[in-house]
Amino acid sequence: MKIFIDSADIDEIKAAFSWGFVDGVTTNPSLIKMAAEKHGAKNLENYVSSVLAAVGRGHDVSLEVLGGSFQAMIQQGKVLYNKFSGVGARVVVKIPVNPLLKQNECADVEYDGIRAIHALAKEGIPVNTTLVMAPEQALLAAKAGAKYVSPFAGRIDDFVRECCFCNYKKTDYFPQEGIKISPDEILDDNGIVSGVDLVAKIVQIFRNYDLKTEVLAASVRNARQVRELALAGAHISTIPFGVLTQMVRHEKTYEGMQKFTADIVPEYRVLFD
Ligand code: G3P
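From a predicted model like this one, the values you see are computed outputs, not experimental measurements. (Residues numbered from 1 in each chain as written. Predicted model: local features only at pLDDT ≥ 70, side-chain atom pairs only at ≥ 80, totals over all residues. Heavy atoms only, no water.)

Undergrad: Give a description of helix H3 (residues 44–55) that names residues and reports values.
TA: Between its first and last C-alpha, H3 extends 16 Å over twelve residues, near the 16 Å set by a 1.5 Å rise per residue. Taken together, the buried positions of H3 are occupied by Tyr-47, Val-48, Val-51, Leu-52 and Val-55. One side of H3 holds all its buried residues, which, seen down the axis, span an arc of 135°. In this structure, the buried side of H3 is in contact with helix H1 (10–18), strand E2 (24–26), helix H2 (29–39), strand E3 (60–64), helix H4 (70–84) and strand E4 (90–96). N-capping of H3 is provided by Asn-43, with a side-chain oxygen placed 3.0 Å from the backbone N of Glu-45. Positive phi appears at Gly-56, one or two residues downstream of H3, with a value of about 85°. (Helix = DSSP H or I, 4+ residues; strand = E, 2+ residues; numbered from the N terminus. Expected span 1.5 Å × (residues − 1). Buried < 20%, exposed > 50% of the residue type's maximum accessible area, 1.4 Å probe, protein only. Arc of directions from axis to C-beta. Contact = heavy atoms within 4.5 Å. Polar contact = N/O pair within 3.5 Å; in protein donor to acceptor, adjacent residues only side chain to side chain.)

Printed below as a string of structure tokens:
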């Protein structure tokens, strides 16, 4: 499984790439807002260019359009691609699977995201389909030509959990097999019992039809979820910095280090002098 960092913070991105296991970056407007505030970045063209330069060639960085109509998303996708291609990392344009910002009640507006994916893909612009919440959306985006589909695992867990009015923290573990509310009833969202289940079902559909689009699991909240995403066959997980650092921690590893360090005899120590 490839690992991307889900961040627009250049410090986090540089640190993550220095570990040698990170393959790419995903951003969204919320992450850009947080990073710009932290770094006091007023000129976002310069800031985004510095991120792409730091990441370097051979890695993907997803940049999201503002949304809206088919024409707006095509135009914004081209702006992002043309402005930032050549700066360093490969630009992938992030398009919501269908338009969030409904401007009128025309029925065909519903499919603008898919049309925009298709139009950009036909021009050779790689697209990451974002805000995927159902396997059907992923199937349509893949058929339209998306390079990646991004199912939002954590937000589906939130959605399912909210159905039972559970109290939870954003990073709480949500069981892959769902939450049983009676001996024969599991909470679900139209047949999806958890974020990992959503990803697993998309992976299975893509395998059934040998679709080349990669499943990029997003909205990842904790290390155990990453493990389950890898077992489910996600091609990529995009992971926040805090979860990346959580993945290498285990209290027995620390305990083992303390014991080994305590057992070092002087004769062994001199080997390093
Ligand atoms: O990759 C999408 C991600 O940034 C959203 O994550 O935790 O806000 O649902 P989250």
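Undergrad: Explain the sheet that holds strand E5 (residues 127–132) to me, using residue names and the numbers behind them.
TA: Taken together, eight strands build a closed barrel; the order of strands is E1-E2-E3-E4-E5-E6-E9-E10 and the barrel is parallel. Across the sheet, the axes of successive neighbouring strands diverge by a mean angle of 30°, strand direction being ignored. In terms of strand pairing, strand E9 (residues 214–217) meets strand E10 (residues 236–239) through two bridges, oriented parallel. Within E10, the position partnered with Ala-217 by the bridge is Ser-237. Sheet strands touched by helix H6 (residues 135–144): E5 and strand E6 (148–151). Its angle to E5, the strand with the most contacts, is close to 165°. (Pairing = 2+ DSSP bridges. Axes fitted to C-alpha atoms, helices over the stretch in contact; angles between N-to-C directions.)

Undergrad: With reference to specific residues and values, describe the pattern of salt bridges.
TA: Across all of its chains, the model carries 18 salt bridges by this definition. Glu-45 is the partner of Lys-83 in a salt bridge, and the nearest nitrogen-oxygen pair spans 3.4 Å. Taken together, the residues Lys-83 in helix H4 and Glu-45 in helix H3 connect sequence positions 38 residues apart. When the shortest N-O distance is used, the salt bridge between Asp-158 and Arg-161 registers 3.4 Å. In this pair, Asp-158 and Arg-161 are both assigned in helix H7 (residues 153–162), three residues apart and thus about one turn of the helix distant. Judged by relative accessible area, Asp-158 falls into the buried class, the value being 14%. (Salt bridge = Lys/Arg side-chain N within 4 Å of Asp/Glu carboxyl O.)

What is shown is where atoms sit, not what they do.
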